[in-house]
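# Observations on the model geometry
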Amino acid sequence: MWDDAFPSFLIGLREGLEAGLIVSILIATLVRAEARSRLPQVWTGVLAAIAVAMSFGAVLTFTAASLSATAQEAFGGTLSVIAVAFVTAMVFWMRRSARGLSGELREKVTGALAMGTGMLILTSFLAVGREGLETALFLWTTARAAGESAGPLTGAAIGLVLAAGLCWGLYRRVLKINLTRFFTATGAVLIVIAAGVLGYGLRDLQEGGVLPGGTAYAVDLTGSMDAGSWYSTLVQGVFNLTPAMTWLQVVAYVAYLVVVMTLFVRGVRVTTPEPAAERSGPEPKAARPQRRRPVWVIPAAVVAVPAVLAGLVVALSRPKPAGDQTVAVSGTECGKGFTAPRPGRRTFRMHNTGGRTSEVYLIDPSTGAVYGEIEGLAPGTTRDLVATVAGGTYAWRCVPTDGKAVTSRAVRVSGGGAAKPVVPVSEQDLAAPLKAYKTYVEQGLATLVTQTRTLDDDIEGGHLDRARTDWLTAHRTYASLGAAYGTFEDFDQKIDGRPDGLSDGVRDKDFTGFLRLEHGLWHGEPAKDLRAPAQQLADAAAGLQKAFPAQEFDPGDLPLRAHEILENTLQFELTGDTDQGSGTGLATADANLAGTRELLGVLQPLLTGRAPRLLPTLDTDIARLQKLLDAAHDGTGWTPVGRLAATDRQRLDGATGQLLEDLAPVPDLLEIRKSA
């Protein structure tokens, strides 16, 4: 998480220190002027600046969330470029202003004291507000780049807390820091970070269709670089440099870094800023006492006003039901109340007016492609369906349980770019992949029967060393048939059941199959005690081979297994949970990966047309994970999970997690949707 946290930590530390120094100077000036009674006014201005900054961050977050995916890219890219401009200006401003900051603020405070309460609040608000808005914008940008990581917020919080501590120490004269050198060093680092943010922002603008050149790559190391490695993650998190970068990103990165860094270095003057509140000069006179009002009124107002305004902006920007539409769902009123919506991110309130639970789809009636759906809408209930609407034709399809599908009248939407519907999949579409996969499983089961018989013969003859080798061979064969687990019925428990939940654990009479033999073979049990479990395993494998052709295999399960195989691998094999002593969990994980690769192969024709960029991404993920698994195999044995170095285990878990994340869309892309 530190790789995502560092840029925000630095901006939090630097901006926090700038704002803290300003507040310290304001307070010191009032204390020296014997105007301590006016300190609450300074804190009120500071509180107002914080409220405005937080409200600004909320507006950015919720406004972006209400946009379509393409618009989010364009919006985020634009704000990233603006953030770079602000940070650049801040770096140069602080370099120029550090020396005279104290005197300038003292003059402003002197004038504000003479002009009354409101002016002092405004002075402190303006002095701190700049840093607050810059911090909010930069944090939003880095948090967006980091996705779901909590690193940016954590880093910023640590930086702000550290800045507050440093400012307190400087104010109390407990610490002495050469602030010119501090702002110079951090300024140089921020320029490098800002160059990466600029490149990231330009990439967003390309993906949002604002700028051209989105496919013109100057650098593409995705096939040769481990994107999940610690060094790759560090570079991407801190500098926003990715394995694949377009020409526009590279040129902008280099140009910004060369030009801005050159100007910054040339303008550096190594001087020490004067400590706050130490300059001589006429002391400001306190203003005349004014009529007192409740102390909570102004602080409450400065927090409430920006919060209310931000709430209004968010409320106005959030997607509303298109044209205030509530759309009826039933076998007779499907789509009633539906009119042509405006393009953009839209929310439709779907109300089931019929007497049956229904599936609801927003479709392109000419192709049946699905833009949005609700599953299991019960009678009398209302749920929201959110979808991106662009230029095209739209209609509703309602499919009541045990009823006939009904399609509403179509409406035409003009303009608004293009939305990306999911082309529906039917059982007929999955028939060929299912047939190919069943053939693969049948061949695997034939091999399994032969291998389990060999294992049985080993144990019958007392050749336990040979049995250990043959056990792993047979177990890997079974593990590679992962997509068929759901169709093996009771045979799976007999062949590869775990001792979890059994009353006597590994000693329970119902503990059978591969793991039972593994426990015995690697815990010194004699051959005579293993003969019965070995015979049971061979019989179960033969029984499965005979039963499999007649077993039901739901076509809809095929896409689900693409994710579930490795989900089980991450949960069991990569934690060592299933290891009964052989230390071959990674060998099983390797077989599971082979099964996943086989499954994606039979699904490739369906995935290519629906998500052309997905398969290359999955191929890269699989190659990365395969490389890590190969590193744990020396040709004669496998490294047990428990003996992996901490960094190797983290990489393995990370690569598997990334592959699982990229596999997640497969079930939705290939879901069989009801059409009748």
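Residues numbered from 1 in each chain as written. Predicted model: local features only at pLDDT ≥ 70, side-chain atom pairs only at ≥ 80, totals over all residues. Heavy atoms only, no water.

## A closer look at the overall build of the protein chain
- When you go through the protein chain residue by residue, the secondary structure sums to 20 helices and ten strands.
- Among the 676 residues that make up the protein chain, the fraction classed as buried is 47%.
- Excluding contacts between residues fewer than 6 apart, the proportion of contacts in the protein chain whose partners are at least 24 apart in sequence is 76%.
- When the accessible surface of the protein chain is summed, it comes to about 32,200 Å², and 57% of that surface belongs to carbon and sulfur atoms. (Helix = DSSP H or I, 4+ residues; strand = E, 2+ residues; numbered from the N terminus. Buried < 20%, exposed > 50% of the residue type's maximum accessible area, 1.4 Å probe, protein only. Contact = heavy atoms within 4.5 Å. Areas by Shrake-Rupley, 256 points an atom, 1.4 Å probe, with all protein chains shown as cover.)

## Observations concerning a negative patch on the surface
- Negative charge collects at one region of the surface, where Glu427, Glu489, Asp490, Glu552 and Asp554 lie side by side.
- Looking at the element boundaries, Asp490 is found in the loop between α12 (464-479) and α13 (491-496).
- Using a relative accessible area of 61% as the deciding quantity, one classes Asp490 as exposed. (Patch = residues over 30% accessible without salt bridge, like charges linked within 9 Å, V, L, I, M, F, W, Y side chains within 5 Å. Salt bridge = Lys/Arg side-chain N within 4 Å of Asp/Glu carboxyl O. Lys, Arg positive; Asp, Glu negative; His and termini not counted. Charge placed at Lys NZ, Arg CZ, Asp CG, Glu CD.)

## Observations regarding a nonpolar patch on the surface
- Taken together, the side chains of Val254, Val258, Val259 and Leu263 present a nonpolar region at the surface, about 340 Å² in accessible area.
- Along the polypeptide, Leu263 turns up in helix α9 (residues 247-267).
- When its relative accessible area of 46% is taken as the criterion, Leu263 is described as partly exposed.

## Focus: the state of the cysteines
- This model, assessed by the stated rule, comprises one disulfide.
- Bridging Cys334 to Cys398, the disulfide has an S-S length of 2.0 Å. Residues Cys334 and Cys398 are joined through a disulfide that is right-handed, its torsion about the S-S bond being 80 degrees. With Cys334 in the loop between β3 (321-329) and β4 (344-352) and Cys398 in strand β8 (residues 392-400), the pair connects residues that are 64 residues apart, well separated along the chain. (Disulfide = S-S within 2.5 Å.)

## Examining the packing of aromatic side chains
- In the structure shown here, the tally under the stated rule is eleven aromatic pairs.
- Geometrically, the ring pair formed by Trp471 and Phe514 is edge-to-face, given 6.3 Å between the ring centres and 75 degrees between the ring planes. Remark: Phe514 occurs in helix α14 (residues 514-521) and Trp471 occurs in helix α12; sequence separation between them is 43 residues.
- On the basis of relative accessibility, which here comes to 0%, the residue Phe514 falls in the buried class.
- The cationic tip of Lys494 hangs over the ring face of Phe491; the distance from NZ or CZ to the ring centre is 5.4 Å. (Phe/Tyr/Trp six-rings, centres within 6.5 Å; stacked < 30°, edge-to-face > 60°. Lys NZ or Arg CZ within 6 Å of the ring centre and 35° of its normal.)

## Here's the deal with the nonpolar core
- Phe488, Leu586, Leu603 and Leu607 are the most contacted members of the largest nonpolar core, which has 68 residues in total.
- By size, the runner-up hydrophobic cluster in this structure holds 25 residues, among which are Phe138, Leu190, Tyr253 and Tyr256. (Core = buried A, V, L, I, M, F, W, Y, C linked by side-chain atoms within 4.5 Å.)

## Regarding the packing of α14 against helix α15 (residues 527-547)
- Relative orientation of the contacting elements α14 and α15 amounts to 155 degrees, with a least axis distance of 9 Å. Classified by the interaxial angle, the pair formed by α14 and α15 is roughly antiparallel. Here the hand of the crossing between α14 and α15 comes out left-handed. The residues of α15 that touch α14, namely those facing Phe514, Arg516, Leu517, Gly520 and Leu521, are Asp529, Leu530, Pro533, Ala534 and Leu537. (Axes fitted to C-alpha atoms, helices over the stretch in contact; angles between N-to-C directions. Parallel < 35°, antiparallel > 145°, perpendicular 65-115°, else oblique. Left-handed = near helix turned anticlockwise from the far one by under 90°.)

## Considering the pattern of salt bridges
- All told, the structure shown has 13 salt bridges when counted by the stated rule.
- Between Asp465 and Arg468 there is a salt bridge; the shortest N-O distance is 2.6 Å. In this pair, Asp465 and Arg468 both sit in helix α12, three residues apart, roughly one turn of the helix.
- Accessibility expressed as a relative area gives 62% for Asp465, which makes it exposed.
- On the basis of relative accessible area, Arg468 is assigned to the partly exposed category, the value being 24%.

## Structural notes on α12
- With 16 residues, α12 extends 22 Å between its outermost C-alpha atoms, agreeing within 8% with the 22 Å of an ideal straight helix rising 1.5 Å per residue.
- Residues of α12 that are buried: Leu464, Ala467, Asp470, Trp471, Leu472, Ala474, His475, Thr477, Tyr478 and Ala479.
- Each element contacted by the buried residues of α12 is listed here: α11 (427-460), α13, α14, α15 and α17 (585-610). (Expected span 1.5 Å × (residues − 1).)

## Some points on unusual backbone geometry
- Positioned with a positive phi, Asp402 is a non-glycine residue whose angle comes to about 55 degrees.
- For Asp402, the location among the structural elements is in the loop between β8 and β9 (406-407).
- For Asp402, a relative accessible area of 76% gives the class exposed.

## With respect to helix α19 (residues 646-663)
- An ideal rise of 1.5 Å per residue puts 26 Å on 18 residues; α19 measures up with 26 Å between its terminal C-alpha atoms.
- Turning to α19, its buried residues are Leu652, Ala655, Thr656, Leu659, Leu660, Asp662 and Leu663.
- For α19, the secondary structure elements touched by its buried residues are α16 (557-571), α17, α18 (614-631) and α20 (665-669).

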